[in-house]
Amino acid sequence: MKERDNIHFFDTSTLTETAGIRQRCSQAYVQKALAERLPGDRFKVTAVTINETGSYKAKLNWLVKLLWNNGKVTGLPPYCEVLIEHCTGTEWENIIVWSPLAWNDRFAGTAGGGTCTGGVSQITQPNNGQRGWTLPFAVINGFTAATCDAGNEKYGSNWAVDKNGQVVRERMENWRANATHNMTVFGKAVAEILHERPIQYAYMNGGSGGGRQSMVEAQEFPEDYDGIWASCPAINWTKFLIAGFWPMAAANEHKAPLKYHKLTAFAKAVQESVGGSEKYYQMSGRVAFDPFTLVGQKTKQGVITQADAAVIQDMWDGPHRANGERLWYGFRPGSIHWCTGLPVFSISFILPFLRAKPFALCTTYARWVLDDPKADFRDIDLAGFETLFDRSLAAFPKVTADNADLRAFAAHSGKLMIDHGLDDPLIPVDGTIDYYERMKTIMGEDVVRQFCRVYLGPGDNHGNCIGNGPGISESDGMRAMMDWVEKGIAPGAIRVVQLDRKTGELICERTREPV
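Described below are features of the structure shown in this document. Note that the structure is a prediction, hence the values are computed from the model and not measured.

**Some thoughts on the overall build of the chain**
The secondary structure content of the chain amounts to 18 helices and 18 strands. Each principal axis of the C-alpha atoms in the chain carries an extent, and together these give about 75 × 50 × 45 Å. For the chain, the residues scored as buried account for 58% of the 515 residues in total. At a minimum sequence separation of 6, the contacts of the chain that also span at least 24 residues come to 72%. Carbon together with sulfur atoms contributes 50% to the accessible area of the chain, which is approximately 20600 Å² in total. With 54 positive and 58 negative side-chain charges, the chain shows a separation of 5 Å between the mean positions of the two kinds.

**Overview of a nonpolar patch on the surface**
Nonpolar side chains collect at one region of the surface, where I350, L351 and L354 lie side by side and expose about 290 Å² of accessible area between them. For L354, the location among the structural elements is in the loop between β13 (347–349) and β14 (357–358).

**Description of empty space enclosed by the protein**
A probe as big as a water molecule, rolled over the atoms, marks out the empty space that is left. Enumeration according to the criterion identifies six cavities of 30 Å³ or more in this entry. Contributing to the lining of the largest cavity are 18 residues, with F240, A243, G244, F331 and S346 lying nearest its centre. Here the lining of the largest cavity is composed, by residue class, of 14 nonpolar, four polar and no charged. Considered as a void within the structure, the second largest cavity measures approximately 130 Å³ in volume. Lining the second largest cavity are 13 residues, with Y280, M283, G285, R332 and L422 positioned closest to its centre. Grouping the amino acids of the lining of the second largest cavity by side-chain chemistry returns seven nonpolar, three polar and three charged.

**Topic: the sheet that holds strand β12 (residues 338–340)**
Spatially, three strands are ordered β12-β13-β14 in an open sheet, and the strand pairing comes out mixed. The open sheet terminates on both sides in strands that have one partner only, identified here as β12 and β14. As defined by bridge partners, β12 adjoins β13 across three bridges and the pair is classed as parallel. Along β13, the bridge assignment pairs W338 with I347. Seen against the sheet, helix α10 (residues 260–273) touches β12 and β13 and runs at an angle of roughly 135° to β12.

**Digging into the layout of surface pockets**
Looking at the second largest pocket, its volume works out to about 540 Å³. For the lining of the second largest pocket, the elements supplying multiple residues, two or more each, are α9 (246–254), β14 and α13 (360–370). Here the residues of the lining of the second largest pocket are counted per class, giving 16 nonpolar, five polar and eight charged.

**Quick word on the pairing of strand β17 (residues 494–499)**
The buried count for β17 comes to five of six residues, which makes it a mostly enclosed element. In terms of strand pairing, β17 meets strand β18 (residues 506–512) through six bridges, oriented antiparallel. Within β18, the position partnered with I494 by the bridge is R512. The loop that links β17 with its antiparallel partner β18 comprises six residues; one of these, G504, has a positive phi angle of about 80°.

**Focus: the environment of G54**
Within the secondary structure layout, G54 lies in the loop between β1 (42–51) and β2 (55–57). Residue classification places G54 among the buried positions, given a relative accessible area of 18%. The spatial distance from the C-alpha of G54 to the C-alpha of I140 is 10.0 Å, given a sequence separation of 86 residues. Setting aside chain neighbours within four positions, we find G54 in contact with V73, T74, G75 and L76.

**Examining the side chain of D476**
As for its position among the elements, D476 is in helix α18 (residues 474–487). On the accessibility criterion, D476 (12% relative accessible area) is buried. Here the side chain of D476 touches R495 through a polar contact of 2.8 Å, side chain to side chain. Residues in contact with D476, not counting those within four places in the same chain, are I494 and R495.

**Comments concerning unusual backbone geometry**
For D105, which is not glycine, the phi dihedral falls at a positive 70°. In this fold, D105 is placed in the loop between β5 (92–100) and β6 (106–109).

**Details of the packing of aromatic side chains**
Under the criterion given, the structure shown has 24 aromatic pairs. Centre to centre, the rings of Y260 and F349 are 5.7 Å apart; their planes meet at 85°, and the pair counts as edge-to-face. Taken together, the residues span a long stretch of sequence, with Y260 in helix α10 and F349 in strand β13 at a distance of 89 residues. Given a relative accessible area of 0%, F349 falls into the buried group. Ring plane angle 65° and centroid distance 6.3 Å describe the contact between F409 and F451, whose orientation is recorded as edge-to-face. Within this pair, whereas F409 is found in helix α15 (residues 407–411), its partner F451 is found in helix α17 (residues 445–451), the two being separated by 42 residues in sequence. The pair F409 / F451 is uniform in exposure class, with both members buried.

What counts as what
Residues numbered from 1 in each chain as written. Predicted model: local features only at pLDDT ≥ 70, side-chain atom pairs only at ≥ 80, totals over all residues. Heavy atoms only, no water. Helix = DSSP H or I, 4+ residues; strand = E, 2+ residues; numbered from the N terminus. Buried < 20%, exposed > 50% of the residue type's maximum accessible area, 1.4 Å probe, protein only. Contact = heavy atoms within 4.5 Å. Areas by Shrake-Rupley, 256 points an atom, 1.4 Å probe, with all protein chains shown as cover. Lys, Arg positive; Asp, Glu negative; His and termini not counted. Charge placed at Lys NZ, Arg CZ, Asp CG, Glu CD. Patch = residues over 30% accessible without salt bridge, like charges linked within 9 Å, V, L, I, M, F, W, Y side chains within 5 Å. Salt bridge = Lys/Arg side-chain N within 4 Å of Asp/Glu carboxyl O. 1 Å grid on protein atoms, 1.4 Å probe; cavity = no way out; pocket = protein on both sides within 12 Å on 5 of 7 lines; lining within 4 Å. Points joined across faces, edges and corners; volume = space filled by probe spheres on them. Nonpolar A, V, L, I, M, F, W, Y, C, P; charged D, E, K, R; others polar. Pairing = 2+ DSSP bridges. Axes fitted to C-alpha atoms, helices over the stretch in contact; angles between N-to-C directions. Polar contact = N/O pair within 3.5 Å; in protein donor to acceptor, adjacent residues only side chain to side chain. Phe/Tyr/Trp six-rings, centres within 6.5 Å; stacked < 30°, edge-to-face > 60°.

Fair warning: the whole summary comes from geometry, so function is off the table for now.
The following block contains the structure:
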């Protein structure tokens, strides 16, 4: 079996169909029962159906489909699907709950990515090489699972603004926190209504934007979940997304446009300074390197200049004010966080010789910050960057999702796992390290060790196992989390794997210790 298809982490062989569940799987029954449980909520159950075909045809986001999933979900057990439209005030969101007829008494909260919190576009075929479970992944393992789109799917990628381009605060708050909590409340209620018995354990798992959702649950709704696993979490949102403009600001300031081949020359020089790429992607520390030593070197896009080296130095130092005060973190020397083609790196070039662009969400979010749907950041300089950074912090302070005081979650006996790849090309890993260090400062290292484990992966990519080094697979991570919550076995060394991008075959496997 391919490692990609190693998706069974819970033994479902002894599970039996809940008596009477087929009779309860009706729209009228679930609507009435939910109304009794949640009398203050405005909602309507739009459909309740049983799927016994073993398959599901997903409606995927184009990028998800292009990158790793064709949407043909197979191998499903018989399950009941409940569709709910929920009103959050003036906005509506869609909640989807899948509950297997033979249930393991556990609930799974699923998430999305970027500014997508979930929804029908995130119902994908399980892939053990992608961190962040989906409805099918959870249901195949016996969980009742839920997802919620926060209403975003109705409005598209620029969902936060109205027809005049002005930010709708209710939509922002739903995306930020409420939708994930609502999904949890309704999902748990549906599970207990259909099976007429209580949930024993609840788990939340997501990566990137889904990791942010997971962390917000621990920060703001500490009693929702017993175990939370956040992968490459997009916390520090208001900081790292604006930091996406930093390389362009430095390039404009020094009048040295970013060039694909010049960036690559600097990265390769750093890697060669430690013995080559293979050794570089096994390192956990930061490499010290003077970029000015490359001045005069020839590339396919010209000779490296003093100005080019100054831009690189600024990029490695990370965003800072004119007086030198650090604003946020950059990517580490030697990291290749730019690409041609698919815009899933922090910097993208459609072709190597075209102008560099930041990750698309940087521009989308910055326009929300300014309430200007046409704002153009191509000519941003360092002073303009500093102003935009401050505007971001002031505009959406709660969106940052960086509250490191998790005492309430710990008091609930919640367990937290965080992992982040050192070679993440989209979210600088040092933001997660900063968060963990602040946790220890606020709560004390001994307290933090009782409920939290952090795994940092040399060569590991952005929430997947197909990068330059191995990462935690979905199944291995969930086994570790469940053993901690249910058996009291704290995670130690955990298996990590590196998979072939095209075939899903195992390239290598190792173990990784928590920091």
